[in-house]
Structure formats: structure tokens, C-alpha cells
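Survey of secondary and tertiary structure
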Amino acid sequence: MKIVILDRATLGFDINIDIFSKFGKLVSYDMTKNDETKQRIKDADIVLTNKVVIGKDEMDNSKVKLICITATGMNNVDLEYAKQKNIQVKNVAGYSTSSVVQVAFSMIFQIVTKLNYYKSYVDEGSWQKSNIFTHIDEPFYELDNKRVGIIGLGEIGRDFAKKASAFNCEVIYYSTSGKNSNSNYKQVSLDELLKTSDIISIHAPLNENTKNLLNYENMKNIKEGAILLNLGRGGIINESDLAKIIDEKEIYCGIDVVSVEPILEENPLLKVSNKNRLLLTPHIGWASVEARNRLVKMVARNIEETTF
């Protein structure tokens, strides 16, 4: 069998992919442009893709039997046509929970504790010149007793809730599907969550219920000084509206995902005036070393469990 990896660079070069060689001849491409996909997969039995699109045209000109998506989202593959062609499509889920939650709390700690400010104070030589033993000109706060509102209480949302509870936070949640009936935490309306939460964290999929879920009208109701995190999907927050809100009121945002990735030069979030209120990272939440190793092992298991 021939196994082709279309965008190996998305796995990180610190991760070993030799495990896939046991299934047959392994051909790996760091990246694949749209006009290269058809040629690269035409004689492959198994294709691994993270974000490279595989549609009708690519499938019609190949002998592919299995498409392994090295991610949870499956919108880059024409699933309906794959079914018609008897091509199996498998994704992976649950590999990044700890990583996403850790990055979310890293954002919270950076925003709340102002460690960048205090590190700079020392690095720039200011502490050495101080007349007192401490310097507390940039106030910071404790997480204890803060209200944490979670939008989307799936596996990642639940893990985030568990760890927030360990910091003695009060956890509430909004179900984007309307079907979640988790009784461990209080379920509230989106309006109540936005108005009353000190920290808001999004861990939901992007779908017809969540696209532009947060917009100018409802984000105006977020408390002054609150923290808003999105480690779910870009598009859940209207980015133009968020950029406007950041410059109008004191809210602090940790954003790891945007609607088009990599981020476009014209994205309004790159143009906010109050840059100290925005922590923008390049979709790293999923990508701890442990998470990426789990991902590779899960993809290999998907191949092992497939009957050709």
C-alpha cells in the first residue's frame, strides 16, 4: 500500500511519523497546494490530510480507499461523495483536550497576573533602582470566587470547567445546541452568561447555531474588566464587532482561532488600538507535544482498524 501525507508540516517536525511506514510505502509532503493534490494522491491507497481539501475531482482521479484527517474537523473532505465512492473517511477527536485547556488558562494567567509587565519591570532595570522591596503599580487579581461562563460544554468545556472549579471559581455554561443537560454546573442563557461572567471561554464547534454567536449587540453587555477567550472556532465571534468592542470598553481577550487561517492582513483584530487588551495566538491550543503525539497514534489506530 502507498500512504501519502499531504501537509506533514501541520504535525510539527518534532513529531516522529515513522509509525506510518509499517503500513506500506510512505510519501510525505510538507505542504500541498490545491493544484497539486490530484497528482499527489492519484496512486495512493491511504491519504493523510489536516487542512488540504479533497473533493470530487481529486477522488475521481485516484484509487484512494481511506482518507485520514489528522484533526477533528472534517469540512475539508467531501464526505457525501466519499461515501458514494466507498472511500472511508476517519478523523480523530479528544486528543487535544488538555492542551486546549492549558493554553486557555495560560491566557487567563497572563491577562490576570500581568506577568509580562512585571518581567519587563525587572528586565529594564527598574527594580534595582527601587526604594522598596516590591512593586505593585499594575494591579492583579485572584481567580477565587470569579464567575466563569463556558460557551459549549463538550469534552473540552467540561475539562475547562473542572479546572476552573479547582481555582474556586463559580462555573456556569450556555449550551449552543440546546441539548446539553449537564447538572454539575448551572445552565444559563447566553445573555446572562455574557452579563455576569468575569471570564468567558468558548469551546464550541462552528455551525449554524454558533456562527456570529457573539456580535456587537450582545458583546456590549460583557462586564467591564472581563476576560473573553475563544479557543473553539473562528467565526463564532464576529471579528469586526470584537475589534470595535475592544477599543470601546475595557474587556480583555485571548483569541487563538480566527475565521480565516492563517490570519489575513486585513483582519480587524490586527488593527485594534488597545493592543494590551488582546492576546492573539496562531491556533496553538491543540498543539502541545503530547497532544500531537496522541494524534499520530490515533491516526495510526484508525488505519489499523480499517478493513480494505
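Residues numbered from 1 in each chain as written. Predicted model: local features only at pLDDT ≥ 70, side-chain atom pairs only at ≥ 80, totals over all residues. Heavy atoms only, no water.

1. Examining the overall build of the protein
Each helix and strand in the protein was counted, giving 10 helices and 12 strands. With the C-alpha coordinates aligned to their principal axes, the bounding extent of the protein is approximately 70 × 50 × 40 Å. Relative to its 308 residues, the protein shows a buried fraction of 48%. When the accessible surface of the protein is totalled, it reaches about 15,800 Å², and 49% of it is carbon and sulfur. Where the 39 positive side-chain charges of the protein centre and where its 40 negative ones centre are 5 Å apart. (Helix = DSSP H or I, 4+ residues; strand = E, 2+ residues; numbered from the N terminus. Buried < 20%, exposed > 50% of the residue type's maximum accessible area, 1.4 Å probe, protein only. Areas by Shrake-Rupley, 256 points an atom, 1.4 Å probe, with all protein chains shown as cover. Lys, Arg positive; Asp, Glu negative; His and termini not counted. Charge placed at Lys NZ, Arg CZ, Asp CG, Glu CD.)

2. Describing the sheet that holds strand E6 (residues 147-151)
Strand order in the open sheet made by the seven strands is E8-E7-E6-E9-E10-E11-E12, with parallel pairing throughout. Unpaired on one side and paired on the other, strand E8 (186-187) and strand E12 (278-280) mark the two borders of the sheet. Where E6 meets strand E9 (residues 199-202), four bridges bridge the pair, whose relative direction is parallel. Within E9, the position partnered with Val148 by the bridge is Ile199. Contacts from helix H6 (residues 155-166) reach E6, strand E7 (170-174) and E9 within the one sheet, and its direction differs from that of E6 by about 175°. (Pairing = 2+ DSSP bridges. Contact = heavy atoms within 4.5 Å. Axes fitted to C-alpha atoms, helices over the stretch in contact; angles between N-to-C directions.)

3. Topic: the sheet that holds strand E1 (residues 2-5)
Ordered by their spatial adjacency, five strands build an open sheet running E2-E1-E3-E4-E5, and the pairing between neighbours is parallel. Edge positions in the sheet fall to strand E2 (25-28) and strand E5 (88-90), since each has one partner strand and no second. Here the strands of the sheet are splayed against their neighbours by 15° on average, with no regard to which way each runs.

4. Overview of the pairing of E9
Of the two faces of E9, both are covered, the one formed by Ile199 and Ser201 as well as the one formed by Ile200 and Ile202. As paired elements, E9 and strand E10 (residues 227-230) share four bridges and run parallel to each other. Along E10, the bridge assignment pairs Ile202 with Asn230.

5. Overview of the UniProt feature "domain: D-isomer specific 2-hydroxyacid dehydrogenase NAD-binding" (unreviewed entry) in the protein
Under the UniProt annotation, the feature "domain: D-isomer specific 2-hydroxyacid dehydrogenase NAD-binding" (unreviewed entry) is placed at residues 105-285. Between the C-alpha atoms that bound residues 105-285 the distance is 11 Å, and the span itself is 28% helix and 15% strand. (UniProt positions renumbered as here; feature names shortened; annotations may be inferred.)

6. Notes on H6
Relative to the 16 Å expected for 12 residues at 1.5 Å per residue, H6 spans 17 Å between its end C-alpha atoms, a close match to the ideal helical length. Looking at H6, one finds that the buried residues are Gly157, Asp159, Phe160, Ala161 and Ala164. Summarising the contacts, the buried residues of H6 are in contact with helix H4 (97-113), E6, E7 and E9. Residue Asn168 follows H6 closely and has a positive phi angle near 60°. (Expected span 1.5 Å × (residues − 1).)

7. A short note on the side chain of Thr97
You can see Thr97 is positioned in helix H4. Leaving out residues up to four positions away in the same chain, Thr97 has contacts with Glu155, Ile156 and Asp159.

8. Brief notes about a nonpolar patch on the surface
A contiguous nonpolar surface patch, about 190 Å² in accessible area, is contributed by Ile263, Leu270 and Leu280. By the secondary structure assignment, Leu270 is in the loop between strand E11 (252-255) and E12. (Patch = residues over 30% accessible without salt bridge, like charges linked within 9 Å, V, L, I, M, F, W, Y side chains within 5 Å. Salt bridge = Lys/Arg side-chain N within 4 Å of Asp/Glu carboxyl O.)

9. Digging into the pattern of salt bridges
Summed over the entire model, instances satisfying the criterion amount to 19 salt bridges. Close ionic contact of Asp57 with Lys38 constitutes a salt bridge, the shortest N to O distance being 2.9 Å. In this pair, Asp57 is assigned in helix H2 (residues 56-60) and Lys38 in helix H1 (residues 37-41), connecting sequence segments 19 residues apart. Assessed through its relative accessible area of 40%, Asp57 is described here as partly exposed. Of the charged contacts, one joins Glu192 and Lys186 as a salt bridge, the two residues approaching to 3.8 Å between their closest N and O atoms. Looking at Glu192, the relative accessible area reads 27%, which means it is partly exposed. Salt bridges linked by common partners bring Arg147, Glu170, Lys186 and Glu192 together as one network.

10. Description of the pairing of E6
Counted residue by residue, E6 has five buried out of five residues, so it is predominantly covered. As judged from the five bridges shared by E6 and E7, these two strands associate in the parallel manner. Bridging from a neighbouring strand, Ile151 pairs with Tyr174 of E7. Handedness of the crossover is the feature at issue here: the chain leaves E6, passes through H6, returns alongside E7, and the resulting connection is right-handed. (Right-handed = clockwise from strand over helix to strand, strands pointing away.)

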